[in-house]
Amino acid sequence: MFLFGILAGCSVENLGLTVTLVSSGISIYFFNKNKFHLWTGAGAFGALIGLIVLIAAPGNYVRYDDQSAGKGILIHIGNQFAGNGEMLLYLLPVILILFCAVGILKSHALGNAGTKNFDAPKNFSTGNKILAVLLAIFIFSYFNDGMITGAIKNFFIDNVFPALKVSVKATERFDNFMTKSEEFIIYFLILFLIFAPLRKSLGLAGKNLKSLNEKISLAQTIKKFPELRYPIFLFALAIFNNFVMIVAPTFPARSTFSSVIMILAGAVAILRLAPVRKKLSEGVAGKILKCGAIVIGGFTIISALVITNTLRHENDLRIEKIQAAANAGEKNLTFPPIELKNRALRHVFFVDFDNGVTKDGLCEFYGIKNIEVK
């Protein structure tokens, strides 16, 4: 456990500190309860050693000096908003389910008298039908080079903001925004088409929800269901785990991974409570959630596979050109930028060939001098 503790302590900057504090807290708790075991303290001490090794590593200071140049405390705070905002954006389905779960627990605590339960309409309302058609159109556009957002982008550049043509950087940013907006339109449409009827099927919409919140508070619900204290602790731990990154000059999305795991673990703990599991797995609500999971999961998986396959094809063509150029004795190569902008809600990460790691590695491997992307 001492060795495992070292590995845990020097895993990731924010998680290393969280693991050390939690394992130390658990050790102190058991010590006070006269149930202390040597392996408990050994794991906590190992985590502390690992954290010291991680923080004291010379490369850490080199990276910090390089990344923190010109960045004050306001930039660090801004990183928190950006990193946590992105994490919450992708956790929206989980957060919306948790809102429903809390409503179910409140209703159950009142003896199911807190809401008037009724099934969602068997047929979509006219508004939902229009949104479903829009969703299908945007999905078709998305898999056909973003026809809709492309047309909107060209209209704005030609008729509304012609000044954008003057600045290449401004044009690229506007293009990037419009391309990625299609993914988020699809994402939010799917979420709305799932959770609007779900809330109605559970009796957690409109006046019902307002009446329920007036009759019982969240604190009273936690008192009725003490099992909620564990997931709430995990949620608080996730917030702390991310807040640790305020000392870092950058807060990349990958640093939120451990906090996401804590939030998902807490969500599962709530969804496993008998009243919640029963309500969300039966009847109309169960069908809505199952169909919704297939739609949102299917879109994300299929789009990620399409994007990855497109990138692989592009990559193979470039490697062929680099190999041919190396065989011909050419030393400098130029490529046009990768046209693909979609990232399946950022689930696919890629950068162009002129980034330091890729460029330096390719040049060394193939014996060429330089690769440029213009």
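How each quantity is defined
Residues numbered from 1 in each chain as written. Predicted model: local features only at pLDDT ≥ 70, side-chain atom pairs only at ≥ 80, totals over all residues. Heavy atoms only, no water. Core = buried A, V, L, I, M, F, W, Y, C linked by side-chain atoms within 4.5 Å. Buried < 20%, exposed > 50% of the residue type's maximum accessible area, 1.4 Å probe, protein only. Helix = DSSP H or I, 4+ residues; strand = E, 2+ residues; numbered from the N terminus. Axes fitted to C-alpha atoms, helices over the stretch in contact; angles between N-to-C directions. Parallel < 35°, antiparallel > 145°, perpendicular 65-115°, else oblique. Contact = heavy atoms within 4.5 Å. Nonpolar A, V, L, I, M, F, W, Y, C, P; charged D, E, K, R; others polar. Salt bridge = Lys/Arg side-chain N within 4 Å of Asp/Glu carboxyl O.

*Asks:* Can you help me understand the nonpolar core in this one?
*Replies:* Within soluble globular proteins, side chains that are nonpolar generally end up buried alongside one another. In this structure, L198, L202 and L280 are the most contacted members of the largest nonpolar core, which totals 43 residues. Contributions of two or more residues to this core are made by α6 (92-109), α7 (126-142), α9 (168-201), α13 (257-271), α14 (274-281) and α15 (283-327). The biggest single contributor to this core is α9, with 9 residues. Of all hydrophobic cores here, the second largest spans 11 residues; its members include A325, F335, F353 and V373.

*Asks:* Would you take a moment to explain the packing of helix α5 (residues 73-90) against α6 for this structure?
*Replies:* Helix packing for two helices is described by the angle between their axes and how far apart those axes are. Packing of α5 against α6 leaves a shortest axis separation of 4 Å and a crossing angle of 65°. With respect to each other, α5 and α6 are oriented roughly perpendicular. Between α5 and α6, the residues in contact are L88, L89 and Y90 and L92, P93 and I95, respectively. Here the residues of the contact of α5 with α6 are counted per class, giving 6 nonpolar, no polar and no charged.

*Asks:* What is the right way to look at the pattern of salt bridges in this model?
*Replies:* In the structure shown here, the tally under the stated rule is 5 salt bridges. Between E314 and R318 there is a salt bridge, with the nearest N and O atoms lying 3.5 Å from each other. Of this pair, E314 and R318 both sit in helix α15, separated by 4 residues, roughly a single helical turn. Relative accessible area serves as the criterion here: at 3%, R318 is assigned to the buried category.

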